[in-house]
Amino acid sequence: MILCLADDAYPNSGSGDSTAVELLKFVTTYQFLATLYFMSDVLKQLNLLSKTFQKSDSDCSILYTYITAKTDTFQNMKENAGPRLFNFLSLVPDEPPESGKFYIRVLDKGISFSVVLDEGEEGVAILDSKNYRKFFESSRKHYLDNLISNLKDRFDNLGLLGAFKIFVPNNLPPPSSDEYRTYGNQEIEILCEHYGAEKATDNKVFSPVIEASDLKDEWLDVKGILSSNFRGMSFQTAWQQILCTNILSSYPNTIILAKIALIVPVSTADCERGFSRYNLIKNKLRASLKVSSVSCLMTLSLETPSLREMDRFNFHRAFEIWCAMKNRRIFSSANNTVDITDNNKLL
């Protein structure tokens, strides 16, 4: 980018572009280049975190793991440069040159930085000073502090969400290990403290969601059932199977917490899919569609079973609901049959 701007600002012949000249002044400083490499490290990590949210099988335990890991990564970046920034710092001079600038050199395999240029060699001057470097370091740490703070504020119940990880069969230690005996006890205490106590908001008092003492007794059996019957399964797969078969119907408090964990909005996949489908349905050629019409079309588009599951869909019941929504000429509500006496009405 800088080399292209330099060609536009100072071409070999003719006058340069004034806009390119001003932009070149802005980007040819140590603090700009260092910030560019630094943000490349940060945005790479945020991109990985964003992709985690986009997975349809994300759950509370995954959220806790990734947010905690990213927070630690950004905390470490305050003291140790990321890979791209580290590469930049290893190429530029350790201290600002006495001339107050160094140069970008074009090599066959990329670019390099040098304090001086050989005779006849071309390069773009980068302004450098102690103030530039001090400003960058201060800005870098301030940015990371705000980023970490925003992550913690956005996921302020991360400890509570992380407690649900004990319900993931893959996380269970082997029953023969010493860790198995006390596994999950601390997380159960966190869940009991939150869901087993009364909550008050807006002058209203809400009863506990679970019986805390009963949950502690249930956990002794539940972790054994998960370990022996569902080990190797993901959180969603295991608990969807459990809820469908009522295998843990004798453990109502555990079932309540499992249902809460399943409906916590962790993944953004459905939301992003909805926006994408909305843009396909209500385009510039169908801009006058009513909200109710768009809602129905989106429901059909998003909730229609796949072809593999179509044999389980109750078409007869869906037809009955559709016919009951309003009077239809070809449907006789008296005997729930289609009136085929007038063929023209069926066309």
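You'll find the structure just up there.
No experiment lies behind these values; they were computed from the predicted model shown.

Draft legend 1. Summary view of the packing of helix α9 (residues 185-195) against helix α10 (residues 212-229). Running from amino to carboxyl end, α9 crosses α10 at an angle of 155 degrees, the nearest separation of the two axes being 10 Å. Put simply, α9 runs roughly antiparallel to α10. Once α9 is placed against α10, the crossing between them reads as right-handed. Residue-level contacts link N185, I188, E189 and C192 of α9 to A212, L215, K216 and W219 of α10. Classifying every residue of the contact of α9 with α10 by side-chain character gives 5 nonpolar, 1 polar and 2 charged.

Draft legend 2. Structural context of helix α6 (residues 130-154). In this model α6 runs 36 Å from its N-terminal to its C-terminal C-alpha over 25 residues, within 8% of the 36 Å that 1.5 Å per residue would give. Listed in full, the buried residues belonging to α6 are R133, F136, R140, L144, L147, I148 and L151.

Draft legend 3. Quick look at the side chain of N253. Checked against the element boundaries, N253 lands in helix α12 (residues 252-263). For N253, the side chain forms a polar contact with the main-chain nitrogen of E211, separated by 2.8 Å. Among all residues touching N253, those that are not within four sequence positions of it are I210, E211, D214, L215 and E218.

Draft legend 4. Spatial organisation of the pattern of salt bridges. All chains considered together, the criterion is met by 8 salt bridges. E22 is the salt-bridge partner of K25, the closest N and O atoms lying 3.7 Å from each other. You can see K25 and its partner E22 sitting in helix α2 (residues 18-27), 3 residues apart, about one turn around the helix. Note that R140 and E137 form a salt bridge whose closest N and O atoms lie 2.8 Å from each other. With R140 and E137 both in helix α6 and 3 residues apart, this pair spans about one turn of that helix.

Basis of the calculations
Residue numbers restart at each chain and count upward from 1, following the sequence in its written direction. In view of the model being predicted, local features appear only for residues whose pLDDT reaches at least 70, and side-chain atom pairs are presented and counted only at 80 or more, with totals across whole chains, interfaces and linings using the full set of residues. Side-chain metrics rest on all non-hydrogen atoms present in the structure, leaving aside hydrogens and water. An axis is simply a line fitted to the C-alpha atoms; with a helix, the fit covers only the stretch in contact. Between two such axes, the angle follows the N-to-C directions and lies from 0 to 180 degrees. A run of DSSP states H or I qualifies as a helix once it reaches four residues; a run of E qualifies as a strand once it reaches two. Both are numbered from the N-terminal end. Here the angle decides the label: under 35 degrees means roughly parallel, over 145 means roughly antiparallel, 65 to 115 means roughly perpendicular, and every other value means oblique. Crossing handedness follows the turn of the near helix against the far one: under a right angle anticlockwise gives a left-handed crossing, and clockwise gives a right-handed one. Here, two residues are considered to be in contact whenever any of their heavy atoms come within 4.5 Å of each other. Three classes are used: nonpolar for Ala, Val, Leu, Ile, Met, Phe, Trp, Tyr, Cys and Pro, charged for Asp, Glu, Lys and Arg, and polar for all others, with Gly counted as polar. A helix's residues, less one, multiplied by 1.5 Å, set its expected span. Exposure classes here rest on a 1.4 Å probe applied to the protein chains alone. A residue is buried below 20% of its type maximum, exposed above 50%, and partly exposed in between. Contacts described as polar in this section are N or O atom pairs within 3.5 Å, which, within protein, must combine one atom able to donate a hydrogen with one able to accept it, while residues neighboring in sequence count only if both atoms come from side chains. By convention in these notes, a salt bridge is any Lys or Arg side-chain nitrogen within 4 Å of a carboxyl oxygen on Asp or Glu.

So yeah, pure geometry; function would need other evidence.
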